[in-house]
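Listed below, chain by chain, are the residues.
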Amino acid sequence: MGENYMFEVVVTGNIVLSGAGLWKPSHIITNEELVIAYNAFAERYNVENAQEIEAGEKETKPLSSSEFIEKASGIKARYAYVKDGILDIDRMRPRIPERDESLLSHQAEMGCFAARKAMEEANKKANEIDAVIVGCAYTERSYPAIAIEIQNELGIEGFGFDMLVACSAATFALQRAYEMIKAGTAKCVLVVNPELTSPQVNYKDRDSHFIFGDVATATIDEAEEGCSSKHSYDILGTKAVTVYSNNIRSNFGYITYATDADPYGLDKLFHQQGRSVFKEVCPMAAQHIKDHLAECGLVADDMTRWWLHQANLNMNLLISKKLLGRSATAEEAPIVLDEFANTASAGSLIAFNLHHKDLVEGDIGVICSFGAGYSIGSLVIRKRAIS
Ligand code: CO8
């Protein structure tokens, strides 16, 4: 155990967010490519099942369109960890090679790429970090934790664990890091979000085939005493809320082996009541942010930047309108959906990664996620002097 790892760290000053990293896969799938593949699949299905459809025993598969996708969501393209297989109408899912147990797992590898960038941004070496949290929507196995594998790969001592909170896994993990530093059980925490969503997307479903993309983000939270980052932020407050809802669901789980349910059944993949989610989550997220700002003694007009969850462009416009009385500008509330699509918990942190260095000392912003659970998580942060 390194000297840096102690259970009684005394933290007297602020807790800061001191570095962020982003890794994106090299494969891109445009709406057009996705729609061509889906429509070819749907048309073949409708021909092959014409008699049953005519007899009312099966439903016609409706066609998708790029125009609908962009208008309804703001998504133009997405990154795919593995593109092979997704557009093959005989497969419609990525062909990801299984890795031997002696090799680094897929998610640990994605996570390490982003983690190294965050460490570089925060000017932190492995021996200065004493905990790793992996927060994401799915982990590719139950144990050992992906966080412990990343910890080992990067040469970090201390401890690591995984936590799953769907779209709010990243903000909730940053909040746990903040609390650990505040409690003195760690003084520098690496949070990693290897969002490998494509294996859980139903590419045969017109209503959801376009929503998700793959990416990894990472962030460093630490006690201000140890911070030597050029761009760092005081964390002024954190807030989390969860309200149970069945409107966004994946029933994938270890119990299937015992229930004899089909492990590849459609309910085991991501599915949602998108319209209901839109209607219910927007007011919840707006109220959550308003309350959080009030708890920090702030109002919406004090914010320079909104790093909002990236599920739907219209959702973000509506939420900012509820808060500001007008739609936020692209500079105030950056949108990365067009390039990345919905990347589960990583969305708000991609926006942060790409749009924070222009802020000046004293500028305040909010990182906020909202999604399955329902879960909403936020951090209000203030830029420190640029060193
Ligand atoms: N092409 C053409 N037409 C379509 C398509 C399509 N691809 N899809 C739907 N339509 C049609 C519908 O059938 C409907 O037709 P009609 O009016 O004749 O009935 C019409 O278009 C309008 O449909 P909707 O009302 O459903 O369209 P919306 O405007 O609501 O847009 C959205 C659909 C984009 C899904 C929107 O409702 C939305 O974004 N809702 C919010 C969803 C959300 O935020 N969900 C969170 C999910 S992410 C999360 O929580 C993390 C989960 C963990 C990660 C999972 C990784 C796999």
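Parameters at a glance
- Residues numbered from 1 in each chain as written.
- Predicted model: local features only at pLDDT ≥ 70, side-chain atom pairs only at ≥ 80, totals over all residues.
- Heavy atoms only, no water.
- Helix = DSSP H or I, 4+ residues; strand = E, 2+ residues; numbered from the N terminus.
- Buried < 20%, exposed > 50% of the residue type's maximum accessible area, 1.4 Å probe, protein only.
- Contact = heavy atoms within 4.5 Å.
- pLDDT = per-residue confidence, 0-100.
- Core = buried A, V, L, I, M, F, W, Y, C linked by side-chain atoms within 4.5 Å.

*Asks:* In this structure, what is going on with the environment of Cys 282? I would like to understand it.
*Replies:* Tracing the chain through its elements places Cys 282 in helix H8 (residues 274-295). Here Cys 282 falls in the buried class, since its relative accessible area comes to 0%. As for Cys 282 and Leu 318, which are separated by 36 residues in sequence, their C-alpha atoms are 7.1 Å apart. Leave out the neighbours within four places in its chain, and Cys 282 touches Val 277, Met 315, Leu 318, Ile 319 and Lys 322.

*Asks:* So what exactly am I meant to see when it comes to unusual backbone geometry here?
*Replies:* Residue Pro 144 is bonded to the preceding Tyr 143 through a cis peptide linkage, with omega at -5 degrees. Checked against the element boundaries, Pro 144 lands in the loop between strand E4 (131-136) and helix H5 (146-154). Here Gly 373 and Tyr 374 are connected by a cis peptide whose omega angle stands at -10 degrees. Unlike most non-glycine residues, Asn 123 shows phi in positive territory, near 60 degrees. As for its placement among the helices and strands, Asn 123 is situated in the loop between helix H4 (106-122) and E4. Exposure remark for Asn 123: the relative accessible area of 45% places this residue in the partly exposed category. Unusually for a residue other than glycine, Ala 341 sits at a positive phi of about 60 degrees. Structurally, Ala 341 can be placed in the loop between helix H10 (337-340) and helix H11 (347-354). Looking at Ala 341, the relative accessible area reads 1%, which means it is buried.

*Asks:* Any chance you could explain the confidence of the model for the protein here in plain terms?
*Replies:* Caution is warranted with low-pLDDT regions, since their predicted coordinates should not be read in detail. Across the protein, the average pLDDT comes to 96, with 97% of residues at 70 or higher. Low pLDDT, under 50, characterises residues 1-8; the predicted model gives this stretch 16 contacts beyond four residues in sequence or across chains.

*Asks:* What should I look at first to understand the nonpolar core in this one?
*Replies:* As a rule of thumb, nonpolar side chains are buried together in soluble globular proteins. With 48 residues, the main nonpolar core has Ile 289, Trp 306, Met 315, Ile 319 and Phe 370 as its most contacted residues. At the level of secondary structure, the elements contributing two or more residues to this core comprise helix H1 (31-48), H8, strand E11 (303-308), helix H9 (313-324), strand E12 (364-371) and strand E13 (375-383). Dropping the residues within four chain positions of it, Trp 306 is found in contact with Ile 289, Leu 293, Ala 300, Leu 323, Leu 324, Glu 332, Ala 333, Pro 334 and Val 366. Counting 37 residues, the second largest nonpolar core, distinct from the first, contains Ala 170, Ala 173, Met 180 and Leu 379.

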